[in-house]
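Descriptive structure summary
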Amino acid sequence: MRCICTRLHGGDDIMLSIKDLCKTEHIRAGVILSGVGCVLRTRLRDAGGVNIHEIAEHMEIVSMTGTVSENRCHIHISLSKEDLSTIGGHMTEGCIVNTTCELVIGELEGTQIVEEFDVKTGYGEAVFKRL
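What comes next concerns the included structure. (Residues numbered from 1 in each chain as written. Predicted model: local features only at pLDDT ≥ 70, side-chain atom pairs only at ≥ 80, totals over all residues. Heavy atoms only, no water.)

Focus: the pairing of strand E9 (residues 123-130)
Of the pairings in the sheet, the one linking strand E8 (residues 111-118) to E9 comprises eight bridges and is antiparallel in character. Its bridge partner lying in E9, Gln-112 is registered against Lys-129. Once E8 ends, the chain turns through four residues before running back antiparallel as E9, passing Gly-122 with a positive phi of about 80°. (Pairing = 2+ DSSP bridges. Helix = DSSP H or I, 4+ residues; strand = E, 2+ residues; numbered from the N terminus.)

Considerations on the nonpolar core
Counting 26 residues, the largest nonpolar core has Ile-14, Ile-18, Met-64, Ile-75 and Met-91 as the members making the most contacts within it. Secondary structure elements with two or more residues in this core: strand E1 (2-9), helix H1 (14-24), strand E2 (30-45), strand E4 (59-68), strand E5 (73-80) and strand E7 (96-107). Broken down by element, this core gets its largest block of residues, five residues, from H1. For Ile-75, the residues in contact, after removing those within four places along its chain, are Met-15, Ile-18, Ile-32, Met-64, Thr-65, Gly-66, Val-68, Gly-89, His-90 and Met-91. (Core = buried A, V, L, I, M, F, W, Y, C linked by side-chain atoms within 4.5 Å. Buried < 20%, exposed > 50% of the residue type's maximum accessible area, 1.4 Å probe, protein only. Contact = heavy atoms within 4.5 Å.)

A few points about H1
Taken as a whole, H1 has its buried residues at Ile-14, Met-15, Ser-17, Ile-18, Leu-21 and Cys-22. Each buried residue of H1 lies within a common arc of 160° when the element is viewed along its axis, so the set occupies one face. With respect to the buried face of H1, the exposed residues turned more than 90 degrees away are Asp-20, Lys-23 and Thr-24. Those residues of H1 that are buried lie in contact with E1, E2, E4, E5, strand E6 (86-91) and E7. One side-chain oxygen of the residue at the start of H1 lies 3.1 Å from the amide nitrogen of Met-15, identifying that residue as Asp-13. Just past H1, the residue His-26 takes up positive phi, approximately 55°. (Arc of directions from axis to C-beta. Polar contact = N/O pair within 3.5 Å; in protein donor to acceptor, adjacent residues only side chain to side chain.)

Section: the side chain of Thr-42
Here Thr-42 shows up in strand E2. Non-local contacts of Thr-42, meaning those with residues more than four positions away in its chain, are made with His-53, Glu-54, Ile-55, Met-59, Leu-79, Gly-94 and Cys-95.

Written out as structure tokens, the structure reads:
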């Protein structure tokens, strides 16, 4: 497994940065191994799959997980507020780094993630293919 390590800076959009990194590094299939740092605002889709919540608060990233590739990124994030309550959901564009976000992605060699529409879920879903 090849590991790609980077640091995002204040003002960076986490999702857009990960998508750019996957294209630059030609990642066909990868996983988020670690993501820590802080945001000044976030946009999360909830478990219902429709509603996007925008939250303009300084929060710590306590967990980030997902599958990433040049073709698609599916990332969930958990964030801790100042009162130490935790929120989380499906990360969308608009999660903006406050000071830093240390990111480690593991590339799954010999695998490619493609997206195919699933009539049962109504979404484009990940399909993992061996190369």
